[in-house]
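# Structural overview for review
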Protein chains: 2
Amino acid sequence: MNTKSHQFLYLQIADRLEKQILDEVLKAGDKLPSVRMVCREQGLSMSTVTQAYYELESRSLIETRPRSGYYVCLPPVKRLAVPQTSNPSATDGLLPPDDLVSQVYMDREDPANTLFSLGMPHDDFLPIARLNKGLIQAMRNLPASGTGYEPTQGNENLRREIAKWSFGWGADFTEKDLITTSGCMNAISYALLALTKPGDTIAIESPAYFGILQLAKSAGLQVLELPTNAITGIELDALKKALSTNKIKVCLFVSNFNNPCGSSMPDEHKRAAVKLLEHYHVPLIEDDIHGDLYFSNNRPTTCKTYDESGLVLYCNSVSKTLAPGYRVGWIAPGKFKDQVIKLKRYHAISSAPLTSEVVAIFLKNGRYENHLRKLRQTLYHNSMKYIGAIANYFPEGVRVSQPQGGYFLWLELDKSVDTAELYHQAMKHQISIAPGRMFTLQPQFDHCMRLSFGLPWTAQLEKDLQQLGKLVKAMQKSTI
Amino acid sequence: MNTKSHQFLYLQIADRLEKQILDEVLKAGDKLPSVRMVCREQGLSMSTVTQAYYELESRSLIETRPRSGYYVCLPPVKRLAVPQTSNPSATDGLLPPDDLVSQVYMDREDPANTLFSLGMPHDDFLPIARLNKGLIQAMRNLPASGTGYEPTQGNENLRREIAKWSFGWGADFTEKDLITTSGCMNAISYALLALTKPGDTIAIESPAYFGILQLAKSAGLQVLELPTNAITGIELDALKKALSTNKIKVCLFVSNFNNPCGSSMPDEHKRAAVKLLEHYHVPLIEDDIHGDLYFSNNRPTTCKTYDESGLVLYCNSVSKTLAPGYRVGWIAPGKFKDQVIKLKRYHAISSAPLTSEVVAIFLKNGRYENHLRKLRQTLYHNSMKYIGAIANYFPEGVRVSQPQGGYFLWLELDKSVDTAELYHQAMKHQISIAPGRMFTLQPQFDHCMRLSFGLPWTAQLEKDLQQLGKLVKAMQKSTI
């Protein structure tokens, strides 16, 4: 205890809690007792306890979670460095490692595998009984129980509820702005089909989601990966420079809780990026699939929030939040709406009314927000546990992203560690990871990997992370 | 009665029935009393009545329907000529009339419109209560009630049941051959994406389904329309000539109950076409969406039945038979399977497990076949009623296709009748038709139109056909 502690009661409380955190009595991700409870138990005033908690927040030891309370952050001594800003080459890239991606997908088929590789909510996190009730309600609501075609633009109830929902983060859609799709990648695929032809160049973050790389290459596009910061996302200077060459036909950013590197563009970056794109008349496909999975107090804005000219095509779905198998996604294509509706009609005629209606019901009666609140807590808690385990079990010097939402940690290991090789070694222990080379067309992330924290935390899971750390250590040593 | 009637009892019976048919006591599409019932009521032997019915069949007055009995054909005096074999130009085509198609789609939105324009089963024809039961069963069957992703290739139960089903018409799929899609157009779209790049040429029937024209043009393809016979489909000589130019990248045929012209390729044509395509190494996308809706005794074969080299990509769905809104279709892409799976993953990740499972349940327990039996009867009956009404209400000289299955009649009117103008005039009476120019990129079908007989037959419907005939007569007169 320092001398100040003798002066102020709140500092005494704060110091005692700090000690508990540093001693790992209170572990990263643990919930602190509520202010009310501490008052009652220790006979203290509300203001004293509140001030103590503020103090701990200012020391970056704890943080608030909306409507939930205070939680222990990762202890400062164990804070790991974040991955470095990427510096991809502007030259032509490799082909996507399709075989590796297919192999990783196949890992799903054995339920004994621990799937750190795939980013989706575990079944345990889904409100399945309520969804089933919703489905029965949807059968009753819909004309002909949802067996008929619906208008190509998609279920009107769903579009209205998404429009209402979008008010919360300033996109202010109307139902007319939205078109439903078969998940978020399907939305992105229509956007790409509407905006590009083979040979065009698309600018994206680096690292980037492998599905985007594969889709772009299969559409015959040139892919320009741009330098990306693990905290703030795409580097604006690099974006400006790329745009000034006039070769970019379209940009595609995952602006919030990026897959894989966890970055989120700050509001001012989003605003500035949109201004830049407007200046150069280049459309932006915005993939906001993790936007609702924020760990902080507020839903982040999107680039679409700042879009005045209709150049942003906003894409989202419930595949990472509610029900991947429902295949419900949407796009707000701005001024490209007519093209996207036509493409949807040509490629699929219409969406399935039933699952769209279930999602509309969930949004309308607040079940979606209730569910998300729990899911966000779980994911946040998991991310803390994972980071703690990595700090404990991985070699010194490992760099780890600090996502403020979503599903993914991005790890930068020692250059001597080949994560594609690590993947094969880990699979011998039935542990599936996503090697770094899946996320780029450049030779830059062979020592990186993506870990999903979308699995329930268990003793076995911790053992698997420990095993993974052991394998990394062995590989690292073997080349020194 | 002729002299023969005095000699043979069966001919007496046949002649009496013929008189009833010609007097329209028995109308086109009416069911005849069963052989058993006639025996019992008239004290005749089975063989006499059976022979009488054979005689009527040989006079083209009645026809058998599988497991259903004997039905009155359209009386010979009223048989209408079939549309002429098309003779499209081989030069570059027009753009698809997108605005007209969009307008026709919009006609769905007012339930007061009579939609002769759109080919889908009316809600009244769908087994909605059973489908809802199936959905509840699917929720129970599927892991996590179908809320999770499924493998990209699609629901295994469904693929197995389709494979079993395909035995009936000689395609003999295994579940490994099949990939589920979001309806049949979605299957066709993956096939086109897998096989073509912008600038390639696709050869199709003429007239052709407007959705195919739009999809092909939106993919940047050159479209070569080939001469097509209203009874036997694509003209093989024309196909051979086109293939010999080596410019065709892929063919796309609707081999059974073609949309719009109702043609079906005879078995020997299917076999010959496949051989030709093998010779020139040109893949065929086969759209068999109406194949299960046959009016005769047997399910027709497909081109896929004769495919030994894996060049045929077979596409189908339940959108015209069971539940358009379920968005359940499939493709058997032959040797292009890996490409199609990848494309599906890139564009949509996976299908929705729930509705796939319902269709699997329907196939497995025979509910699908039961349902189809009724639907086929209804459609056949409707087609007879429509043809009768056209014979009664349309001007002399109208040519009408003779589909042996599916949903559509193709009408060839006097050259003076502009069916796009007719569409606008008919819409003033809330009657929606599909003008001929929707089905070609050439200036050849402006006096043709497609009528769907997928609506329940009512007095109002007959009045609408009468009104349509009146409008045609007025237009025809006005230009003579």
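Residues numbered from 1 in each chain as written. Chains lettered and ligands numbered in written order. Predicted model: local features only at pLDDT ≥ 70, side-chain atom pairs only at ≥ 80, totals over all residues. Heavy atoms only, no water.

## Focus: the overall build of chain A
Summing up its helical and strand segments, chain A has 16 helices and 17 strands in all. Taken as a whole, chain A presents about 18700 Å² of accessible surface, with 50% of it coming from carbon and sulfur. Taken together, the 53 basic and 48 acidic charged side chains of chain A have centroids lying 4 Å from each other. (Helix = DSSP H or I, 4+ residues; strand = E, 2+ residues; numbered from the N terminus. Areas by Shrake-Rupley, 256 points an atom, 1.4 Å probe, with all protein chains shown as cover. Lys, Arg positive; Asp, Glu negative; His and termini not counted. Charge placed at Lys NZ, Arg CZ, Asp CG, Glu CD.)

## A short note on the pattern of salt bridges
The final tally for this structure, using the stated rule, is 28 salt bridges over all chains. Asp200(A) is the salt-bridge partner of Lys249(A), the closest N and O atoms lying 3.1 Å from each other. Here Lys249(A) is found in strand S9 (residues 248-253), whereas its partner Asp200(A) is found in the loop between helix H8 (184-195) and strand S5 (201-205), with 49 residues between them in sequence. Residue classification places Lys249(A) among the partly exposed residues on the basis of a relative accessible area of 36%. A salt bridge links Glu161(B) to Lys164(B), with the nearest nitrogen and oxygen atoms 3.1 Å apart. Residue Glu161(B) and its partner Lys164(B) are located together in helix H7 (residues 156-165), separated by three residues, close to a single helical turn. Given the relative accessible area of 7%, Glu161(B) is considered buried. You can call Lys164(B) partly exposed: its relative accessible area is 48%. The structure contains a network of salt bridges with shared partners spanning Glu156(A), Arg160(A) and Glu175(A). (Salt bridge = Lys/Arg side-chain N within 4 Å of Asp/Glu carboxyl O. Buried < 20%, exposed > 50% of the residue type's maximum accessible area, 1.4 Å probe, protein only.)

## Some words on the sheet that holds strand S16 (residues 434-435) of chain A
Residues and elements named next belong to chain A. The sheet built from four strands is open, its strands ordered S13-S14-S17-S16 with antiparallel pairing. Each edge of the open sheet is held by one strand with a lone partner, namely strand S13 (399-400) and S16. Lying on the sheet, helix H14 (residues 367-393) is in contact with S13, strand S14 (408-412) and strand S17 (448-452); it crosses S14 at an angle near 20°. (Pairing = 2+ DSSP bridges. Contact = heavy atoms within 4.5 Å. Axes fitted to C-alpha atoms, helices over the stretch in contact; angles between N-to-C directions.)

## Some words on the relation of the copies chain A and chain B
For these two chains of identical sequence, chain A goes onto chain B by a turn of 180° and a shift of 0.0 Å along the axis, with RMSD 0.1 Å. Accordingly, the operation relating the two chain copies is best matched by a two-fold axis. A high fraction, 100%, of the interface residues of chain A reappear at the interface in chain B, so the copies pair face to face through one surface. (Least-squares fit on C-alpha atoms with pLDDT ≥ 70 in both.)

## Details of the interface of chain A and chain B
Contact with chain A, which involves 51 residues of that partner, is made by 51 residues of chain B. Carbon and sulfur atoms supply 60% of the area buried between chain A and chain B, which totals about 4400 Å² over both sides. Contact with chain B buries area across many residues of chain A, yet Thr147(A), Tyr149(A) and Tyr346(A) alone supply 18% of it, more than any other trio. If you look at where chain A meets chain B, you find two salt bridges. We note a salt bridge from Asp98(B) to Lys342(A), for which the minimum N-O separation is 3.7 Å. (Buried area = accessible area lost by both parts, 1.4 Å probe.)

## A few points about the domain arrangement of chain A
Residues and elements named next belong to chain A. Looking at chain A, the domain boundaries give domain 1 (4-77), domain 2 (80-85 + 93-123 + 370-478) and domain 3 (143-367). Once you take the C-alpha centre of each, domain 1 and domain 2 turn out to be 31 Å apart. Of the residues lining the interface, eleven residues belong to domain 1; the matching set on domain 2 comes to nine residues. Taken together, the two surfaces of domain 1 and domain 2 that pack against each other cover about 930 Å², and 52% of this comes from carbon and sulfur. Here domain 1 is connected to domain 2 by zero salt bridges. Inspection of the domain 1/domain 2 interface yields three residue pairs in polar contact (both at pLDDT 80 or more). Secondary structure elements with two or more residues in the side of domain 1 that touches domain 2: strand S1 (62-65) and strand S2 (69-72). By residue class, the composition of the side of domain 1 that touches domain 2 is five nonpolar, two polar and four charged. (Domains from an automatic or database assignment. Polar contact = N/O pair within 3.5 Å; in protein donor to acceptor, adjacent residues only side chain to side chain. Nonpolar A, V, L, I, M, F, W, Y, C, P; charged D, E, K, R; others polar.)

## Description of the environment of Leu22(B)
All names here are of chain B. In this fold, Leu22 is placed in helix H2 (residues 9-22). Overall, the relative accessible area of 44% leaves Leu22 in the partly exposed class. With 216 residues separating them along the chain, Leu22 and Ala238 place their C-alpha atoms 41 Å apart.

## Re the packing of helix H3 (residues 35-42) of chain B against helix H4 (residues 46-58) of chain B
Residue and element names in this part refer to chain B. Interaxial distance between H3 and H4 falls to 9 Å at its minimum, and their mutual angle equals 125°. One finds that H3 runs oblique with respect to H4. By crossing handedness, the relation of H3 to H4 is classed as right-handed. Along its contact with H3, which presents Val35, Val38 and Cys39, the element H4 presents Met46, Val49, Thr50 and Tyr53. Partitioned by chemical class, the residues of the contact of H3 with H4 number six nonpolar, one polar and no charged. (Parallel < 35°, antiparallel > 145°, perpendicular 65-115°, else oblique. Left-handed = near helix turned anticlockwise from the far one by under 90°.)

## What to know about the sheet that holds strand S10 (residues 284-287) of chain A
Residue and element names in this part refer to chain A. The mixed open sheet is built from seven strands, whose spatial order is S4-S12-S11-S10-S9-S5-S6. The open sheet terminates on both sides in strands that have one partner only, identified here as strand S4 (179-181) and strand S6 (222-226). Taking the axes of each pair of neighbouring strands and ignoring which way they run, one obtains an average angle of 25° across the sheet. Where S5 and S9 come together, four bridges link them in parallel fashion. Each bridged residue has a counterpart across the sheet, and for Ala203 the counterpart in S9 is Cys251. The strands touched by helix H10 (residues 236-244) are S6 and S9; relative to S9, the strand with the most contacts, the crossing angle is about 155°. In this fold helix H12 (residues 337-348) packs onto S4, strand S11 (312-317) and strand S12 (329-332), with an angle of close to 40° to the strand it touches most, S4.

## Things to note about the packing of aromatic side chains
All names here are of chain A. The full count for this structure, using the stated rule, is 36 aromatic pairs over all chains. With a centroid separation of 5.5 Å and 85° between ring planes, the pair formed by Trp410 and Phe439 is classed as edge-to-face. One end of the pair, Trp410, is in strand S14; the other, Phe439, is in the loop between S16 and S17, and 29 residues separate them in sequence. A network of ring pairs unites the aromatic residues Tyr71, Phe116, Phe295, Tyr380, Tyr386, Phe453 and Trp457 as a single cluster. A cation sits over an aromatic face here: Arg65 above Tyr71, 5.5 Å from the ring centre. Note that Arg299 overlies the ring of Trp169, its terminal NZ or CZ placed 4.4 Å from the centroid. (Phe/Tyr/Trp six-rings, centres within 6.5 Å; stacked < 30°, edge-to-face > 60°. Lys NZ or Arg CZ within 6 Å of the ring centre and 35° of its normal.)

## Describing the state of the cysteines
Throughout this description, disulfide means a covalent bond between two cysteine sulfur atoms. Residue and element names in this part refer to chain A. All chains considered together, the criterion is met by zero disulfides over all chains. This cysteine, Cys303, is not joined by any disulfide, and Cys251 carries the nearest cysteine sulfur, 9.8 Å off. With relative accessibility at 0%, the residue Cys303 sits in the buried group. (Disulfide = S-S within 2.5 Å.)

## Notes on helix H8 (residues 184-195) of chain B
Residues and elements named next belong to chain B. Here H8 is twelve residues long and its end C-alpha atoms lie 17 Å apart, about the 16 Å a rise of 1.5 Å per residue gives. Of all twelve residues in H8, ten are buried; the element is thus mostly enclosed. Within the sequence span of H8, burial applies to Cys184, Met185, Asn186, Ala187, Ile188, Ser189, Tyr190, Ala191, Leu192 and Leu195. (Expected span 1.5 Å × (residues − 1).)

## Structural notes on the side chain of Ser145(A)
All names here are of chain A. Turning to its location among the elements, Ser145 is positioned in the loop between helix H6 (128-141) and helix H7 (156-166). Among the residues examined, Ser145 registers a relative accessible area of 10% and is labelled buried. Of note is the side chain of Ser145, whose polar atom sits 3.2 Å from the backbone oxygen of Met139.

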